[in-house]
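# Observations on the three-dimensional arrangement
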Amino acid sequence: MSAETAGVLALVIYLLMLLAVVVYQAVKLPDGWRAWILFAITRVYAPGLWKIKRNQRCPFPGDSAGIIIANHRSPADPIILWYNSHLGNPQKKMRCISFLMAREYYERPGLVGWISRAMHSIPVERNGKDVAPVREALRKLKQGDLIGVFPEGGIQEGRSIKHANSGIAFLALRSQAPVYPVYINNSPGGKNMVEPFYSPAETSITYGEPIDLSAYYDLKHTKEILEEVTTLMMWKLAELGDTEYLGAPRPDEQAGLIPMSEDHRRTAN
């Protein structure tokens, strides 16, 4: 066999191996080809472009329901929360996080709309009168999916956590799914909805432990209870970012807050 033939044969073998890896990864992500393409692209450029660090491995479950709540400072936040979310579960199973998002962005043509649809996001009307998104989120949680929520609503500025809608409390109590708070530091910014996706940043993620709301499961979901649960969750999220929740005073029960250590605040690769 000549050297040229051997070289061609080796190249073919490498290509077949690459194809096998692609097929294997695609099978592991049953959420559609668009989700897999987005995942593959993001896994390549996100760590380099945004230099994402984290305080620990992602705690999201690999085969059961969960609600992820996070602060919202950039259109890239869903990607930042999603691209690495499979590494913490034993199965290393990548699956979509269905984020609740404004319908005008979900239906927008171009990059933002394509990403939203690829990730199986749930469009929500700005006026908050449509109950269909909540029903869809509850249905997905019942079948064991992951739901992502930015309780502050739209994209905000600054580190502090702005007022949150109590709908997140209703979703958590009605589904009884574990709630995972995540604080995103230094998300990529820009002058429009697309610029953050190609703007360099030094981003870090601080994961918190699941919030225990079991004491509220058997209570009637009154307005007061929903506000209390919302405040509890938002203060736990704020604690992860070493900041405050502006929507309500800190709960009196200090034991309910996530214990923070210096090691927990540091970011790591």
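About the thresholds
- Residues numbered from 1 in each chain as written.
- Predicted model: local features only at pLDDT ≥ 70, side-chain atom pairs only at ≥ 80, totals over all residues.
- Heavy atoms only, no water.
- Helix = DSSP H or I, 4+ residues; strand = E, 2+ residues; numbered from the N terminus.
- Contact = heavy atoms within 4.5 Å.
- Polar contact = N/O pair within 3.5 Å; in protein donor to acceptor, adjacent residues only side chain to side chain.
- Patch = residues over 30% accessible without salt bridge, like charges linked within 9 Å, V, L, I, M, F, W, Y side chains within 5 Å.
- Areas by Shrake-Rupley, 256 points an atom, 1.4 Å probe, with all protein chains shown as cover.
- Salt bridge = Lys/Arg side-chain N within 4 Å of Asp/Glu carboxyl O.
- Pairing = 2+ DSSP bridges.
- Buried < 20%, exposed > 50% of the residue type's maximum accessible area, 1.4 Å probe, protein only.
- Lys, Arg positive; Asp, Glu negative; His and termini not counted.
- Axes fitted to C-alpha atoms, helices over the stretch in contact; angles between N-to-C directions.
- Parallel < 35°, antiparallel > 145°, perpendicular 65-115°, else oblique.
- Nonpolar A, V, L, I, M, F, W, Y, C, P; charged D, E, K, R; others polar.
- pLDDT = per-residue confidence, 0-100.

An unreviewed UniProt entry annotates the protein chain as 1-acyl-sn-glycerol-3-phosphate acyltransferase of Gimesia benthica.

Turning our attention to the environment of Asn71. Along the polypeptide, Asn71 turns up in the loop between strand E2 (66-70) and helix H3 (77-82). With 82 residues separating them along the chain, Asn71 and Gly153 place their C-alpha atoms 9.3 Å apart. Not counting residues up to four positions away in its chain, the partners in contact with Asn71 are Asp77, Phe150, Glu152, Ile161, Val182, Tyr183, Ile184 and Leu237. A distance of 2.7 Å separates the side chain of Asn71 from the backbone nitrogen of Ile184, its partner in a polar contact.

A cluster of nonpolar side chains, namely Trp33, Ile37 and Ile41, defines an oily patch on the protein surface of about 330 Å² accessible area. Along the chain, Ile37 falls in helix H2 (residues 33-50).

Let us now look at the sheet that holds strand E3 (residues 97-102). Reading across from one edge, E1-E7-E6-E2-E5-E3-E4 is the order of the seven strands in this open sheet, with mixed pairing throughout. Pairing within the sheet leaves two strands with one partner each, and these edge strands are strand E1 (53-54) and strand E4 (122-124). Where E1 meets strand E7 (residues 204-207), two bridges bridge the pair, whose relative direction is parallel. From the neighbouring strand, Lys53 faces E7, where its bridge partner is Ser204.

Mapped onto the elements, Arg95 comes out in the loop between H3 and E3. At 4.6 Å, Asp145 is the nearest oppositely charged side chain to Arg95, a buried residue that forms no salt bridge. Within the structure, Arg95 has its side chain in polar contact with the backbone oxygen of Pro61 (distance 2.9 Å). A distance of 2.4 Å separates the side chain of Arg95 from the backbone oxygen of Ser64, its partner in a polar contact.

Attention now moves to the packing of helix H7 (residues 167-175) against helix H8 (residues 223-240). The contact between H7 and H8 brings their axes to 8 Å, and the two run at 95 degrees. On the basis of the axis angle, H7 is roughly perpendicular to H8. Facing Ile168, Ala169, Phe170, Ala172 and Leu173 of H7, the residues of H8 in contact are Ile225, Leu226, Val229, Thr230 and Met233. Residue composition of the contact of H7 with H8, grouped by class: nine nonpolar, one polar and no charged.

With that out of the way, let us pick up the pattern of salt bridges. With the rule as written, the count across this model stands at five salt bridges. Its salt-bridge partner being Glu152, residue Arg73 comes within 2.9 Å of it at the nearest N-O pair. In this pair, Arg73 is assigned in the loop between E2 and H3 and Glu152 in the loop between strand E5 (146-149) and H7, connecting sequence segments 79 residues apart. For the pair Arg73 and Glu152, one class covers both residues: buried. In this structure, Arg250 engages Glu239 in a salt bridge whose closest nitrogen and oxygen atoms are separated by 2.7 Å. Taken together, the residues span a long stretch of sequence, with Arg250 in the loop between H8 and helix H9 (262-265) and Glu239 in helix H8 at a distance of 11 residues.

So, about the confidence of the model for the protein chain. Summary statistics for the protein chain give a mean pLDDT of 85 and a share of 84% for residues scoring 70 or more. Every residue in residues 254-269 is under pLDDT 50, and counting partners more than four places away or in other chains gives 31 contacts.

Another aspect to go through is the environment of Thr230. As for its placement among the helices and strands, Thr230 is situated in helix H8. For Thr230, a relative accessible area of 1% translates into the label buried. Linking Thr230 and Asn165, residues 65 residues apart in sequence, is a C-alpha distance of 7.6 Å. Contact partners of Thr230, with chain neighbours within four places excluded, come to Ala164, Asn165, Ser166, Ile168, Ala169 and Tyr245.

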